[in-house]
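# Fold and geometry: a report
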Amino acid sequence: EHLLNLRIVTWNLRVPFPSDAKKNLSWNERRSSVASAIATHQPDLMALQEDFYLMSESLLKSSNNNTAQIGTKNTLSETYERYGLFNRNGEFRPSSSWPENPFTLDGTKDGEHNSVWYNKARFSSLQNMTFWLSRTPEKEGSSFDEVTGRVVNCALLQDEFCAETTTCLIFFCSTHFPAGNQTRSIWSAHALSDVFSLIQKDLTKSYLARGNNNNNVRFDMFVSGDFNSIPGSKTHEAMIQAGFVDTRTLSIEEKPMDDYDYTTNDWYSDNGDSLIDYVWLYKGASSSSGASHDVKRHFRVQSVKHVSVPC
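Summary of the structure given here. (Residues numbered from 1 in each chain as written. Predicted model: local features only at pLDDT ≥ 70, side-chain atom pairs only at ≥ 80, totals over all residues. Heavy atoms only, no water.)

## What to know about the pattern of salt bridges
- In this structure the tally under the stated criterion is seven salt bridges.
- A salt bridge links Asp-20 to Arg-14; its shortest N-O distance comes to 2.8 Å. Like Asp-20, the residue Arg-14 is buried in the burial classification. (Salt bridge = Lys/Arg side-chain N within 4 Å of Asp/Glu carboxyl O. Buried < 20%, exposed > 50% of the residue type's maximum accessible area, 1.4 Å probe, protein only.)

## Brief notes about the pairing of strand β6 (residues 151–159)
- Across the nine residues that make up β6, a large majority, eight, are buried.
- Joining the antiparallel neighbours β6 and strand β7 (residues 166–176) is a turn of six residues. (Helix = DSSP H or I, 4+ residues; strand = E, 2+ residues; numbered from the N terminus. Pairing = 2+ DSSP bridges.)

## A look at the state of the cysteines
- Summed over the entire model, instances satisfying the criterion amount to two disulfides.
- Disulfide pairing places Cys-154 opposite Cys-173 at an S-S distance of 2.1 Å. As the torsion about the S-S bond is roughly 110 degrees, the Cys-154-Cys-173 disulfide counts as right-handed. Of this pair, Cys-154 sits in strand β6 while Cys-173 sits in strand β7, placing them 19 residues apart in sequence.
- Cys-154 gets classed as buried once you look at its relative accessible area, which sits at 0%.
- Of the residues examined, Cys-173 reaches a relative accessible area of 0% and is grouped as buried.
- The disulfide bridge from Cys-162 ends at Cys-168, spanning 1.8 Å between sulfur atoms.
- Cys-168 sits in the buried class, given a relative accessible area of 1%.
- When the cysteines engaged in disulfides are numbered in sequence order, the protein chain pairs them as 1-4, 2-3. (Disulfide = S-S within 2.5 Å.)

## Some points on the packing of helix α2 (residues 27–41) against helix α3 (residues 53–60)
- Taken N-terminus to C-terminus, the directions of α2 and α3 make an angle of 50 degrees; their axes are 10 Å apart at the nearest point. Here α2 is positioned oblique relative to α3, judged by the angle of their axes. Handedness of the crossing formed by α2 with α3: right-handed. Taken together, the residues of α3 that come into contact with α2 (itself represented by Trp-27, Arg-31, Val-34, Ala-35 and Ile-38) are Met-55, Ser-58 and Leu-59.
- The residue makeup of the contact of α2 with α3, split by class, is six nonpolar, one polar and one charged. (Axes fitted to C-alpha atoms, helices over the stretch in contact; angles between N-to-C directions. Parallel < 35°, antiparallel > 145°, perpendicular 65-115°, else oblique. Left-handed = near helix turned anticlockwise from the far one by under 90°. Contact = heavy atoms within 4.5 Å. Nonpolar A, V, L, I, M, F, W, Y, C, P; charged D, E, K, R; others polar.)

## Observations regarding the pairing of strand β1 (residues 8–12)
- With four of five residues buried, β1 is to be regarded as a mostly interior element.
- Both β1 and strand β2 (residues 45–49) contribute to a ladder of five bridges, which runs parallel. In the strand pairing of β2, Ile-8 is matched with Leu-45.

## Considering the side chain of Ser-115
- Inspection of the secondary structure assignment puts Ser-115 in the loop between β3 (80–83) and β4 (116–119).
- At 2.6 Å, the side chain of Ser-115 and the side chain of Asp-51 are in polar contact.
- Ignoring anything within four residues of it in the chain, the contact list for Ser-115 reads Met-46, Ala-47, Leu-48, Asp-51, Ser-56, Arg-82, Tyr-83, Gly-84 and Ser-174. (Polar contact = N/O pair within 3.5 Å; in protein donor to acceptor, adjacent residues only side chain to side chain.)

## Here's the deal with α2
- Spanning 15 residues, α2 covers 20 Å between terminal C-alpha atoms, matching the ideal 21 Å at 1.5 Å per step.
- In the core, the buried residues of α2 are packed alongside β1, β2, α3, α4 (76–79) and β3.
- Of the residues one or two after α2, Gln-42 is the one with positive phi, at around 45 degrees. (Expected span 1.5 Å × (residues − 1).)

In structure tokens:
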């Protein structure tokens, strides 16, 4: 069986609040450190949250080396492709019709995209998909009664580094769960699972049926992002019950959850940080042979690390 060798990164970049600029933490001052982290760690797949369109565009123009200067010849855009629709209206590029951001309160017409990035030398894009965490996942800009949309952006990719006798397909998504409302978060977990189940069935029928004795098909589904919930919480348990596996539990490090570094998510208060960012594997109910996944047999995660970046 083909060994899937992946480096996956997820980062919440933080909406560029005007108050941050007063503390020398504007996006322009933080961008180079984020770009340097990407250039240093060279992820195969990356999920971003709170990423304005203009933030992503400036990152793509940054250098693909540790200096991370804008305008150099070898930019991140030469390595990565990005896909992500605006959470408020499902558009890709800014327009005059974009609503003002409800969080910055400075008239900015931009907002979170929850973009997925992939190394285009390794992956071929087969299909992009977008849905919303809501009662009507297909409705652009929808959510469970929040002021903003809860978008999930996904890319169906074919891994060109796969063995010749195996077709490796990866469905990779980025999202951001509600904060401060456990009911909405649990509803979001159910909505995410419902859509993933439908997509799995559809893609299994569309792609996995192409496999034969001479060409096996491997199909893996991931969702990464900021889930605003700690391990052991009701939201975390809802994700597990909905068919998702926290990849920390698959690590060969075999560490208890409390031993993992917390992710930085509280800049100014004394409340401290907590572990709220995840890479989830969707185990579903089927594999290429139609049998249930034995997750730990098929997946061995080398390590899970928190890379501290002032983003």
